[in-house]
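Read off the chains here:
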Protein chains: 2
Amino acid sequence: MAEVSNKQVILRDYVVKAFPKESDLCVINTATIKLKLPAETNEPADAVTSSKVQLVLLKNLYLSCDPFQRLLMESVQGLSVPSMSSYTPGSTIHGYGVAKVLDSRNPDLKAGDLVWGTTNWEEYSLITTPQVLFKIHHTDIPLSYYTGILGMPGMTAYVGFYEICSPKKGEYVFISAAAGAVGQLVGQFAKLMGCYVVGSAGSNEKVDLLKNKFGFHEAFNYKEENDLNVALKRYFPEGIDIYFENVGGKTLDAVLLNMRLHGRISGCGMISQYNLDKPEGVTNLMQLIYKRIRFHGFSVPDHYHLYPKFLDFMLPRIRQGKIVYVEDIVEGLENGPAALVGLFKGRNFGRQVVVVSHD
Amino acid sequence: MAEVSNKQVILRDYVVKAFPKESDLCVINTATIKLKLPAETNEPADAVTSSKVQLVLLKNLYLSCDPFQRLLMESVQGLSVPSMSSYTPGSTIHGYGVAKVLDSRNPDLKAGDLVWGTTNWEEYSLITTPQVLFKIHHTDIPLSYYTGILGMPGMTAYVGFYEICSPKKGEYVFISAAAGAVGQLVGQFAKLMGCYVVGSAGSNEKVDLLKNKFGFHEAFNYKEENDLNVALKRYFPEGIDIYFENVGGKTLDAVLLNMRLHGRISGCGMISQYNLDKPEGVTNLMQLIYKRIRFHGFSVPDHYHLYPKFLDFMLPRIRQGKIVYVEDIVEGLENGPAALVGLFKGRNFGRQVVVVSHD
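Computed from a predicted structure; not experimentally measured.

All names here are of chain B. Looking at the element boundaries, Thr251 is found in helix α6 (residues 249-257). Overall, Thr251 belongs to the buried group, its relative accessible area being 14%. If we ignore the near neighbours within four places in the chain, the residues touching Thr251 are Phe174, Ser176, Leu228 and Tyr243.

Turning our attention to the pattern of salt bridges. Taken as a whole and assessed by the stated rule, the structure comprises 30 salt bridges over all chains. Among the ionic pairs, Lys7 of chain A bridges to Glu334 of chain A, the shortest N-O distance being 3.1 Å. Of this pair, Lys7 of chain A sits in the loop between β1 (3-5) and β2 (8-11) while Glu334 of chain A sits in the loop between β16 (327-331) and α9 (336-342); the two residues are 327 residues apart in sequence, bridging distant segments of the chain. Residue Glu334 of chain A is classed as partly exposed on the basis of its relative accessible area, which comes to 39%. Across the salt bridge formed by Asp113 of chain B and Lys110 of chain B, the nearest N and O atoms sit 3.3 Å from each other.

The next point concerns the environment of Thr147 of chain B. Residue and element names in this part refer to chain B. Structurally, Thr147 can be placed in the loop between β9 (133-135) and α2 (152-164). Considered as a pair, Thr147 and Trp121 are 26 residues apart in the sequence and their alpha carbons are 13 Å apart. If we ignore the near neighbours within four places in the chain, the residues touching Thr147 are Tyr62, Ser64, Gly97, Val98, Pro153, Arg351 and Val353.

Read from one edge to the other, the open sheet built from 12 strands follows the order β12(A)-β11(A)-β10(A)-β13(A)-β14(A)-β15(A)-β15(B)-β14(B)-β13(B)-β10(B)-β11(B)-β12(B), with strand pairing classed as mixed. With partners counted over all chains shown, the strands left at the sheet margins are β12 (218-221) of chain A together with β12 (218-221) of chain B, one partner each. Adjacent strand axes in the sheet meet at a mean angle of 15°, parallel and antiparallel pairs treated alike. Across 5 bridges, strand β13 (residues 240-245) of chain A lies against strand β14 (residues 259-267) of chain A in parallel orientation. Directly across from Glu245 of chain A, in β14 of chain A, lies its bridge partner Gly267 of chain A. Packed onto the sheet, α2 of chain B meets β10 (172-175), β13 (240-245), β14 (259-267) and β15 (294-297) of chain B and runs at close to 150° relative to β13 of chain B.

All right, on to the pairing of β14 of chain B then. Residues and elements named next belong to chain B. Considered for its hand, the β-α-β crossover made up of β13, α6 and β14 is right-handed. Pairing of β14 with β15, which is carried by 4 bridges, proceeds in the parallel orientation. Bridge assignment links Arg264 to a residue of β15, and that residue is Arg294.

Residue and element names in this part refer to chain A. According to the domain assignment, chain A contains domain 1 (3-148 + 325-355) and domain 2 (152-301). With centres defined by C-alpha atoms, the gap from domain 1 to domain 2 works out at 29 Å. Contact residues are listed per partner, giving 26 residues for domain 1 and 20 residues for domain 2. Summed over both partners, the interface of domain 1 with domain 2 buries about 1,900 Å², with 63% contributed by carbon and sulfur atoms.

All right, on to helix α8 (residues 307-319) of chain A then. Side chains that are three or four residues apart share a direction in an α-helix, a result of its 3.6 residues per turn. Residues and elements named next belong to chain A. For α8, spanning 13 residues, the distance from its first C-alpha to its last is 18 Å, which sits close to the expected 18 Å at 1.5 Å a residue. Here α8 has its buried residues at Tyr307, Phe310, Leu311, Phe313, Met314, Leu315 and Ile318. On its buried face, α8 sits against β7 (114-120), β9 (133-135), α2 (152-164) and α3 (183-192). At the exit of α8 stands Gly321, carrying a positive phi of roughly 75°.

Before going further, it helps to spend a moment on the packing of α2 of chain A against α8 of chain A. The description of two packed helices rests on the angle between their axes and on the distance between the axes. Residue and element names in this part refer to chain A. One can describe the packing of α2 onto α8 by two numbers: an axis separation of 11 Å at closest approach and a directional angle of 95°. One element, α2, and the other, α8, form an angle in the roughly perpendicular class. Between α2 and α8, the contacting residues are Gly154, Met155, Tyr158, Tyr162 and Glu163 on the first element and Tyr307, Lys309, Phe310 and Phe313 on the second. Its residues placed into classes, the contact of α2 with α8 shows 6 nonpolar, 1 polar and 2 charged.

Taken as a whole, this structure holds 48 aromatic pairs over all chains when the rule is applied. Seen in terms of ring centroids, Trp116 of chain B and Tyr307 of chain B are 5.3 Å apart; in terms of plane orientation they differ by 55°. Their pairing is tilted. Highlighted residues: Trp116 of chain B in strand β7 (residues 114-120) and Tyr307 of chain B in helix α8 (residues 307-319), separated in sequence by 191 residues. Each member of the pair Trp116 of chain B and Tyr307 of chain B is classed as buried. Between the aromatic rings of Phe244 of chain B and Phe298 of chain B, the centroid separation amounts to 6.5 Å while the plane-to-plane angle is 85°, which identifies the pairing as edge-to-face. Pair noted here: Phe244 of chain B is in strand β13 and Phe298 of chain B is in the loop between β15 and α8, with a separation of 54 residues, a long-range link. Each member of the pair, Phe244 of chain B as well as Phe298 of chain B, carries the same accessibility label: buried. One aromatic cluster is present, formed by Phe68, Tyr96, Trp116, Phe134, Tyr158, Phe161, Tyr162, Phe189, Tyr304, Tyr307, Phe310 and Phe313 of chain A through successive ring pairs. In this structure, Lys345 of chain A packs its charged tip against the face of Phe19 of chain A, placed 3.9 Å from the ring centre.

Attention now goes to the interface of chain B and chain A. The partner chain A presents 41 residues to the 41 residues of chain B that form the contact. Across the chain B to chain A interface the summed buried area is about 3,200 Å²; carbon plus sulfur atoms make up 64%. Contact with chain A buries area across many residues of chain B, yet Ile289, Tyr290 and Arg292 of chain B alone supply 22% of it, more than any other trio. Inspection of the chain B/chain A interface yields 2 salt bridges.

Here is what the cut-offs are and how they apply
Residues numbered from 1 in each chain as written. Chains lettered and ligands numbered in written order. Predicted model: local features only at pLDDT ≥ 70, side-chain atom pairs only at ≥ 80, totals over all residues. Heavy atoms only, no water. Helix = DSSP H or I, 4+ residues; strand = E, 2+ residues; numbered from the N terminus. Buried < 20%, exposed > 50% of the residue type's maximum accessible area, 1.4 Å probe, protein only. Contact = heavy atoms within 4.5 Å. Salt bridge = Lys/Arg side-chain N within 4 Å of Asp/Glu carboxyl O. Pairing = 2+ DSSP bridges. Axes fitted to C-alpha atoms, helices over the stretch in contact; angles between N-to-C directions. Right-handed = clockwise from strand over helix to strand, strands pointing away. Domains from an automatic or database assignment. Buried area = accessible area lost by both parts, 1.4 Å probe. Expected span 1.5 Å × (residues − 1). Parallel < 35°, antiparallel > 145°, perpendicular 65-115°, else oblique. Nonpolar A, V, L, I, M, F, W, Y, C, P; charged D, E, K, R; others polar. Phe/Tyr/Trp six-rings, centres within 6.5 Å; stacked < 30°, edge-to-face > 60°. Lys NZ or Arg CZ within 6 Å of the ring centre and 35° of its normal.

As structure tokens, this is what we get:
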């Protein structure tokens with residue numbers, strides 16, 4: 001059987017304590033792949049169970065750029081995200097994506113099925129862990145949404161807000177990185193619940209988006225604030241009940257000073273800290289005790305059993321236009337590296353998606 | 001009716017960003033008090049409800065020295081402990097104690113009753129908020145224990161360990177300030193539950209106490225460790241499931257590096273930070289996310305409804321000698337200031353109690 005060319009995005013070398021550059025990644029055209037699984041006798045056995053690995057061959061359609069991918073560019077002590085191990089210099093990077101099944105030994109997946117989950121940054125991927133793939137049943141929604149609002153970031157917003165923060169109507173909610181893949185949804189969830197919602201973002205265009213597209217009550221550009229504590233006091237004279245933590249560092253320190261009694265913080269990322277030589281020290285942790293606050297770090301793969309419940313919640317609201325989503329779509333895998341590193345400079349405007357192929 | 005002299009401990013002036021000194025407090029002998037409540041017509045009305053305040057007149061027997069009292073010596077932003085407001089320079093300080101009721105307008109308390117709760121550092125106190133007093137029903141236990149193992153610190157250990165940390169048999173538990181009023185109990189609770197327990201303290205005598213009196217599996221003197229991260233790795237090669245946070249700062253930072261997946265931290269104080277000009281920055285907070293850790297700040301007055309359940313748990317175990325308690329008792333209110341400020345230098349050996357009167 002003929003082999004086809006398989007464009008790939010490779011990590012050149014570990015990125016240590018610095019912002020990643022486009023040149024840390026490269027796009028290569030040298031690999032080829034057969035668009036049919038090998039004969040079963042040639043399949044690898046699982047190292048642990050000795051049973052045959054249930055290979056799945058994917059054609060990748062959409063890939064997403066996620067902050068956690070920065071962590072995979074170095075060997076982070078203690079990072080423990082299921083199915084997401086550190087990248088290997090010289091090898092293809094991985095992340096979340098939407099793909100079409102071309103061939104499958106997994107009984108739950110057949111050729112022609114659409115899936116979202118963990119895949120590689122290349123045109124075609126041979127997946128050895130099909131348990132990280134979710135079958136897509138609802139195709140009246142744009143397929144790219146399964147990298148965002150209906151995928152990992154959507155679940156992150158849903159679990160982090162509803163399950164971890166136990167929100168109540170009328171509470172005061174603050175969201176950092178609010179125009180990002182997760183933040184824009186948390187803000188809309190909070191609004192639907194009857195909370196007062198303020199978001200911060202890194203440009204005036206994003207602030208406009210938060211207020212006029214997503215319906216945040218207020219939003220501000222953190223780069224234009226000399227003192228985040230003063231800014232938060234302006235928007236939250238009564239304090240903050242719920243903080244959805246996406247950035248860490250100085251923002252977290254200022255938020256702690258403004259939390260209310262029995263406040264809740266859900267943390268799924270600290271993007272401001274990933275590229276620093278040394279993380280910033282957070283000095284106001286005593287507020288966690290004075291105000292009896294719960295800070296709950298979480299990682300959404302621990303909560304994927306809630307995905308059906310999440311879909312039941314989201315699908316009607318998306319169809320009715322009650323929840324909207326903004327994507328920043330770039331065409332072509334060759335433009336993936338620029339899109340991915342742009343994330344850490346805040347260049348994306350909404351969920352950053354890379355189109356590998358439209359079908 | 002004759003008045004008697006009423007010795008009092010007074011705060012001279014606010015203590016700001018420094019270790020408190022004995023001279024920040026003074027003992028005065030100039031006040032007098034009538035050992036009978038005033039006629040009802042002269043009683044003050046409650047500012048909020050306009051109803052008569054239910055005055056209770058106490059003879060103080062035992063007072064305890066608690067880390068949170070340091071916070072009351074200055075005006076701390078956001079401190080919000082029920083019934084514990086900041087001290088007023090020139091006025092008597094307050095805290096937890098055991099006392100005998102001499103006279104009462106509260107229907108639940110009568111002359112001769114013994115109580116524990118919030119009282120003032122003086123020989124006799126007129127209490128206007130009797131809801132902060134708990135009646136003592138079991139007097140076969142040393143009365144001073146109601147300032148410790150059967151009072152606020154006992155409840156703190158019980159709530160923080162059982163309710164907040166959701167411990168399971170076989171888990172790895174670390175306790176800082178482990179020889180203190182709270183830590184010594186958390187260690188014994190963890191041991192009873194079948195956990196592996198290690199504590200840190202600030203002297204070799206305290207380390208000996210932890211291992212040989214309270215049955216900790218291991219203990220170490222943090223002052224003799226150059227690198228707390230290295231020390232923790234030595235005692236917890238598999239990592240820490242539960243951290244009972246009493247100190248904050250550098251210790252917390254090192255603990256974060258050694259926490260296990262889905263670990264829990266209950267925080268009721270950060271004594272290492274109370275006297276600093278500026279709190280130490282904690283840099284390893286990303287571990288909260290990587291390991292999906294829950295940090296839960298709490299204050300025990302929020303949980304006093306559990307006191308009957310707590311007593312049912314504690315009383316038989318104290319009587320059977322299954323839980324022991326070490327107190328550091330000084331005689332005389334005039335020695336109270338030295339005992340209180342000694343707490344912040346770690347001079348106490350077990351629960352620090354001041355005897356005002358034995359009966």
